[in-house]
Amino acid sequence: MSLDELYTSPQIAKRLGVTRQRVDQLVDTGQLPQPLGRSGNTRLWRASDIELALAGNDPANGRLATPSWEKLPVPDAPLRLDVDAVLTIPGAWIAKPPRVHVRIWRGSVAGTRRTVVLYGALAESHGIIVNFAETVARSIAAQYLGVGEARNAWWFGFWPRGLPRKELSIDYVSFAFPRAGGSGGLLDALLRRGSRDAWTGEFEQPVWQKVERTDFARVLGGEPDLDYPPGTYTVAVVTALAAGRRPAVIDFDPRQLRTQLHHLTSLHSYRTALLAGADDRPGLPALPLLAADGHADAARTAEALGIAVRVLVPDALGAVEDYQRLSTSQDAGTTLVERQFHQLSQAEGALLARYADMPDDQLSAGAVYRALTTVRTLASALSDRAETGDEHADPVLLEALSAAQPELVSVRHLLDPSLIDDPGPSPHAVSTLGDAENAYLATISWWGPADGDAHRKAALLGHIWEKDREDLRTGYDPYGRMVLHNPTTGALALERPRVLPSTPYPDTAEILATPGNMTAFVLLPDGRCDILPTDPRYTFDDITWGYGGTGPDVFAQALAFAALPHPDPERPLTLNDHPEHTRTAVQEITEYGSQHDTFRIGIATLRARAASASSGRATTEDAR
């Protein structure tokens, strides 16, 4: 063994940035390994033992150290791939349990054991490895690693090309697994009883560091499969490769071209039938509903469906061009994945060309708005038919209409950016019944649902836990918005508006909100209680307060939208349209104060502060 493979106490102290006395303490407490031996009075440690210990837990500050990659010993032979599987991560707070690609290598390095974990961001749930990194780590540990191995393993996160970065990325992830005291520790207990609902705390100061492919290859003693073509790092692909099917042959359609063509064909079929004056045709069960009573309604519906097809065509054409380019380009990942692209049929190509050649002057703001209104009305009616099992239900057409709505909204904004659109209510669940929510519930008329509102109830039910659905009652507020409430469990779901109030709020009204509920209410002097609308021109609508961030900014936008005056109500001002001092004043109202306290402000106070704001910071008391 050469001196280059050994560390002395002063070298370790320099490596850690601590004193030699601190090194002695760390050895005594077991945070660093015992010396290999002595040379005279000099204690010697195997360099690989120290680097491995630092990769597991930095004894200098309780956080993992970033290894010196160029000093790491290379494995005696390429590490053995022991695990190559897709793991479902339990307990993460999202609707669908995410899955990650887990690869674990083990082997000998300079007489010591090395374990390397690489967990990959699959296309189906790539955000999980950042937002729930600790949950991923403990789930992997519970499934595949021993107690001590989990703490000393080398952890790496992997993103393939194109998701979300253009180039592939490998990050070293240093988890300082917490200990609860004693010889076992918290992680040990977690691993023994499994990962599901085992622990909800945070790891101590996890660190992410980008690692070059050459450094990762040095850690493993070889380079694994990393060159997945963009959009192909999926559960199906990694499962096929793990089973030895190489390359993995896949039906490649990340832009959902087949689905888009299905939507276009469905809308076109109905439009053709309506223009022909038909009110019944096999394969088009919803045709009597769309034809309604008389030629005028049928013609109006046909016009709307034609515009709906027209606004969907550009994305489909973009997908066709994208697939043609990808199919002819050279890609390093073709040895791993063989992509089979959808080939347009003659009829599909003719349909796209027909609508793409329609004159743009037919897409006026008024025509698009009429089409949007008709499409929404038809989608609402079809949703009810689907809920009741009506013979005129057509889920394929309903899906196509739903896909066309956001495109129609986007085109309308392009044609007249000054106009805003009412996207309909935003279903939302309320977790805590505070003063604001109780005031709102006192105004509800408990009956229903009304005929034709099955789709609205279905949308709200999606925000109610199964355990809260028994004894659930349905009601309507004074503005006709649907409410679901369980008086036993307190579960509450409501339709939050995204449109200006029909009449401006009076100065004597008051805005009230409960922490954590993401919804504000307006207490009116006549006893009614309105829900504060959020501005539909912004993406987010979950309001919070008491700090600087997206939630308070959304709240400020909502206050400006709903409570401040607009010279032209058809073209309301956004928060950014107001003078800078007004923007600052409204933002300070939502940013300062305690996020854990009830938010309360009078409309008169809000308007006065917005009108007479100065550059000084508003006090917390003024926002109460």
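Rules and cut-offs
Residues numbered from 1 in each chain as written. Predicted model: local features only at pLDDT ≥ 70, side-chain atom pairs only at ≥ 80, totals over all residues. Heavy atoms only, no water. Helix = DSSP H or I, 4+ residues; strand = E, 2+ residues; numbered from the N terminus. Expected span 1.5 Å × (residues − 1). Bend = angle between axes of the 7 residues up to and from the residue. Pairing = 2+ DSSP bridges. Axes fitted to C-alpha atoms, helices over the stretch in contact; angles between N-to-C directions. Contact = heavy atoms within 4.5 Å. Buried < 20%, exposed > 50% of the residue type's maximum accessible area, 1.4 Å probe, protein only. 1 Å grid on protein atoms, 1.4 Å probe; cavity = no way out; pocket = protein on both sides within 12 Å on 5 of 7 lines; lining within 4 Å. Points joined across faces, edges and corners; volume = space filled by probe spheres on them. Nonpolar A, V, L, I, M, F, W, Y, C, P; charged D, E, K, R; others polar. Parallel < 35°, antiparallel > 145°, perpendicular 65-115°, else oblique. Polar contact = N/O pair within 3.5 Å; in protein donor to acceptor, adjacent residues only side chain to side chain. Salt bridge = Lys/Arg side-chain N within 4 Å of Asp/Glu carboxyl O. pLDDT = per-residue confidence, 0-100. Phe/Tyr/Trp six-rings, centres within 6.5 Å; stacked < 30°, edge-to-face > 60°. Lys NZ or Arg CZ within 6 Å of the ring centre and 35° of its normal.

Draft legend 1. Spatial organisation of helix H12 (residues 295–328). Taking 1.5 Å of rise per residue, 34 residues should cover 50 Å, and H12 covers 49 Å from first to last C-alpha, within 8% of that figure. The sharpest bend along H12 reaches about 30° and sits at Val313, with the proline Pro314 one to four residues further on.

Draft legend 2. Focus on the sheet that holds strand E2 (residues 37–39). Across the sheet, which stays open at both edges, the three strands sit in the order E1-E3-E2 with antiparallel pairing between neighbours. Every interior strand has two partners, whereas the edge strands, strand E1 (6–8) and E2, have only one. Across this sheet, the average inter-strand angle for adjacent strands is 45°, counted without regard to direction. Direction of pairing for E1 relative to strand E3 (residues 42–46): antiparallel, over a ladder of three bridges. In the strand pairing of E3, Tyr7 is matched with Trp45. Contacts between helix H1 (residues 9–16) and the sheet are confined to E1 and E3, with E1 contributing the most and set at about 85° to the helix.

Draft legend 3. Representation of the side chain of Arg310 in the model. Mapped onto the fold, Arg310 is located in helix H12. Residue classification places Arg310 among the buried residues on the basis of a relative accessible area of 11%. Contact partners of Arg310, with chain neighbours within four places excluded, come to Tyr355, Ala356, Met358, Asp360 and Leu363.

Draft legend 4. Focus on the layout of surface pockets. Roughly 1100 Å³ of volume is contained in the largest pocket. Lining the largest pocket are 48 residues; nearest its centre among them are Asp422, Pro423, Gly424, Pro425 and Val499. Put simply, the parts of the chain that give the lining of the largest pocket at least two residues each are helix H14 (365–388), helix H15 (395–415), helix H17 (454–461), strand E15 (492–496) and strand E18 (529–531). Considering every element that reaches the lining of the largest pocket, the biggest residue donor is H14, with eight residues. Tallied by class, residues from the lining of the largest pocket come to 24 nonpolar, eleven polar and 13 charged.

Draft legend 5. Looking closely at the pairing of strand E16 (residues 510–513). Examined bridge by bridge, E16 and strand E17 (residues 520–523) share four bridges and lie antiparallel to one another. Its bridge partner lying in E17, Glu510 is registered against Leu523. The loop that links E16 with its antiparallel partner E17 comprises six residues; one of these, Gly516, has a positive phi angle of about 90°. Where E16 and strand E19 (residues 599–602) come together, four bridges link them in antiparallel fashion. Looking at the pairing, Ile511 lines up with Ile601 of E19.

Draft legend 6. The arrangement of the packing of H12 against H15 in detail. Between H12 and H15, the shortest axis-to-axis distance is 9 Å and the interhelical angle comes to 75°. Relative to H15, the element H12 is oriented roughly perpendicular. Counted together, Leu305, Ile307, Ala308, Val311 and Leu312 of H12 and Leu401, Ala403, Ala404, Glu407, Leu408 and Val411 of H15 form the full contact between these two elements.

Draft legend 7. Representation of the side chain of Gln260 within the structure. Mapped onto the elements, Gln260 comes out in helix H10 (residues 257–275). Assessed through its relative accessible area of 12%, Gln260 is described here as buried. A polar contact of 2.7 Å, which involves the side chain of Gln260, links it to the backbone oxygen of Arg255. Within polar-contact distance, the side chain of Gln260 engages the side chain of Asp315 at 3.4 Å. Contacts of Gln260, omitting those with residues within four sequence positions, involve Arg255, Leu312, Asp315, Ala316 and Ala319.

Draft legend 8. Summary view of the pattern of salt bridges. This model, assessed by the stated rule, comprises 27 salt bridges. Note that Arg537 and Asp535 form a salt bridge whose closest N and O atoms lie 2.9 Å from each other. Of the residues examined, Arg537 reaches a relative accessible area of 26% and is grouped as partly exposed. Classification of Asp535 by relative accessible area gives buried; the value is 2%. Within the structure, one salt-bridge network assembled from shared partners comprises Arg80, Asp82 and Arg106.

Draft legend 9. Inspection of the sheet that holds E18 at higher detail. Pairing is antiparallel in the open sheet, where four strands are placed in the order E18-E17-E16-E19. In this open sheet, the two edge strands, each paired with only one partner strand, are E18 and E19. Going from strand to strand, the sheet's axes swing by 25° on average, the running direction of each strand aside. Pairing geometry for E17 and E18, over three bridges, is antiparallel. By the bridge assignment, Val522 is partnered in E18 with Asp530. Where helix H20 (residues 603–611) meets the sheet, its contacts fall on E16 and E19, and the angle it forms with E19 comes to roughly 75°.

Draft legend 10. Structural detail: the confidence of the model for the chain. Scored by pLDDT, the chain comes out at a mean of 84, with 86% of its residues at no less than 70. Contacts of residues 56–64 to residues separated by more than four positions or lying in other chains number 34 contacts, the stretch itself having pLDDT below 50. Here residues 178–202 is modelled with pLDDT under 50, and outside its nearest four sequence neighbours on either side it reaches 36 contacts, counting other chains as well.

Draft legend 11. Structural view of the environment of Glu495. Structurally, Glu495 is set in strand E15. Its relative accessible area of 5% is what places Glu495 among the buried residues. Spatially, the C-alpha atom of Glu495 lies 6.9 Å from that of Val483, the residues being twelve residues apart in sequence. If near-sequence neighbours (up to four positions away) are discounted, Glu495 is found in contact with Pro425, Ser426, Arg456, Leu460, Arg481, Met482 and Ile531. A polar atom in the side chain of Glu495 sits 2.6 Å from the side chain of Arg456.

Draft legend 12. Geometry of the packing of aromatic side chains. Scanning all chains against the criterion turns up 15 aromatic pairs. Arranged with centres 4.9 Å apart and planes meeting at 70°, the rings of Phe156 and Phe216 form a pair that is edge-to-face. Residue Phe156 is located in strand E7 (residues 154–159), and its partner Phe216 is located in helix H8 (residues 213–220); the two are separated by 60 residues in the primary sequence. One aromatic cluster in this structure is built from Trp105, Trp154, Phe156, Tyr172 and Phe216. Residue placement shows Arg114 over the ring face of Trp154; its charged tip is 5.2 Å from the ring centre. In this structure, Arg473 is placed above the aromatic ring of Trp446, and the distance from its NZ or CZ to the ring centre is 3.8 Å.

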